[in-house]
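Understanding the architecture of this molecule
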Amino acid sequence: MKKILFALVASAAALGGTAAYAQSNTQDAPGTAYIGAGVVGSRYDFSDAAGAGALSSDNHSGTKAAGKIYGGYNIDSTWAVEAGYTDFGKRSYNYTQGGAAGGLNTDAHSYYLAGKGTWPVARDFAVFGKLGVARNHNDVTTSGIASVSGSENKTALYASVGGEYAINKNVKVSLEYENYGKSDIDTGRKAGAITAGLRYNF
């Protein structure tokens, strides 16, 4: 899936050099700004938190829906600078091992700053890519026999590829794959996420 998205961005970059979509609704005017919000679906995994033979009625892996807010500044019709805050939400995992109970609770969020390139492939549709840095926080608390815990920040590479559809010149919806990189503790939230967004350009 990620290889396909990257191929779409590369193809769109080549098309971006033509004037075929010079009047595209997806291209924002230079010197303008935008704000947006999104629903984030991210993976979580607690499979390494408990040893062999652990029993639990909780799923040790799956998906979690949370949210993000973001804003950006359009340098020109192709390039922009974007910053955002993503709340990955809270997740709990309880289990027993050898008759003893253990549990973990995670609460993760991230801030990011990235450059964004957008290339139209139709009048109302464009693909984009983002590259920058993320500041990740994963707060893990434990109880019982659980031994993984911590709460620190970690700076990591941030990257994203996706597509956006212009409802009109100012309002756009998007779908993208985001990779925020690892947190300080590799328990709970995973690096990747799928985000559906809605933004308004001023």
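Here is a short report on the structure shown in this document.

Rules behind the numbers
Residues numbered from 1 in each chain as written. Predicted model: local features only at pLDDT ≥ 70, side-chain atom pairs only at ≥ 80, totals over all residues. Heavy atoms only, no water. Patch = residues over 30% accessible without salt bridge, like charges linked within 9 Å, V, L, I, M, F, W, Y side chains within 5 Å. Areas by Shrake-Rupley, 256 points an atom, 1.4 Å probe, with all protein chains shown as cover. Salt bridge = Lys/Arg side-chain N within 4 Å of Asp/Glu carboxyl O. Helix = DSSP H or I, 4+ residues; strand = E, 2+ residues; numbered from the N terminus. Buried < 20%, exposed > 50% of the residue type's maximum accessible area, 1.4 Å probe, protein only. Pairing = 2+ DSSP bridges. Core = buried A, V, L, I, M, F, W, Y, C linked by side-chain atoms within 4.5 Å. Contact = heavy atoms within 4.5 Å. Polar contact = N/O pair within 3.5 Å; in protein donor to acceptor, adjacent residues only side chain to side chain. Phe/Tyr/Trp six-rings, centres within 6.5 Å; stacked < 30°, edge-to-face > 60°. Lys NZ or Arg CZ within 6 Å of the ring centre and 35° of its normal.

1. As for a nonpolar patch on the surface
- A cluster of nonpolar side chains, contributed by Tyr 73, Ile 75, Trp 79, Val 81, Leu 113 and Val 133, occupies part of the molecular surface with about 580 Å² of accessible area.
- Of note, Ile 75 is situated in the loop between strand S2 (61-74) and strand S3 (79-97).
- In this structure Ile 75 comes out as partly exposed when scored by relative accessible area, which is 47%.

2. A short note on the pairing of S3
- Both S2 and S3 contribute to a ladder of 8 bridges, which runs antiparallel. Each residue of the ladder has a partner; that of Lys 68, found in S3, is Thr 86.
- Hairpin connection from S2 to S3: 4 residues lie between these consecutive antiparallel strands.
- Hairpin connection of S3 to strand S4 (residues 100-122): 2 residues between the antiparallel strands, including Gly 98 at a positive phi of 60 degrees.

3. Quick notes on the nonpolar core
- In this structure, Tyr 34, Val 40, Tyr 70, Ala 80, Phe 88, Ala 108, Tyr 112, Ala 114, Ala 134, Tyr 158, Tyr 180 and Ala 193 together form the largest nonpolar core, which totals 12 residues.
- Elements represented by at least two residues in this core include exactly strand S1 (33-45), S3 and S4.
- The biggest single contributor to this core is S4, with 3 residues.
- With residues near it in sequence (within four places) discarded, Phe 88 still touches Val 40, Ser 42, Lys 64, Ala 66, Ala 108, His 109, Ser 110, Tyr 180, Arg 189 and Ala 193.
- By size, the runner-up hydrophobic cluster in this structure holds 7 residues, among which are Phe 46, Tyr 95, Val 140 and Ile 185.

4. Let's talk about the environment of Val 81
- One can find Val 81 in strand S3.
- Leave out the neighbours within four places in its chain, and Val 81 touches Tyr 34, Gly 71, Gly 72, Tyr 73, Ile 75, Leu 113 and Ala 114.

5. Let's talk about the environment of Asn 168
- Assignment of secondary structure puts Asn 168 in the loop between strand S6 (150-166) and strand S7 (171-179).
- Note on Asn 168: relative accessible area 36%, which makes it partly exposed.
- There is a polar contact of 2.9 Å between the side chain of Asn 168 and the backbone nitrogen of Asn 170.
- At 2.8 Å, the side chain of Asn 168 and the backbone nitrogen of Val 171 are in polar contact.

6. Quick notes on the packing of aromatic side chains
- Under the criterion given, the structure shown has 7 aromatic pairs.
- Pairing Tyr 112 with Tyr 180 gives two aromatic rings, centres 6.2 Å apart and planes at 75 degrees, and the pair type is edge-to-face. Here Tyr 180 lies in the loop between S7 and strand S8 (188-201) and Tyr 112 lies in strand S4, a separation of 68 residues in the sequence. Of the two residues, Tyr 112 and Tyr 180, both sit in the buried class.
- Through a chain of ring-to-ring contacts, three or more aromatic side chains come together here, namely Phe 88, Tyr 112, Tyr 158 and Tyr 180.
- Sitting over the face of the ring of Phe 128, Lys 116 holds its NZ or CZ atom 4.6 Å from the ring centroid.
- Cation over ring: Arg 199 sits above Tyr 34, and NZ or CZ is 4.1 Å from the ring centre.

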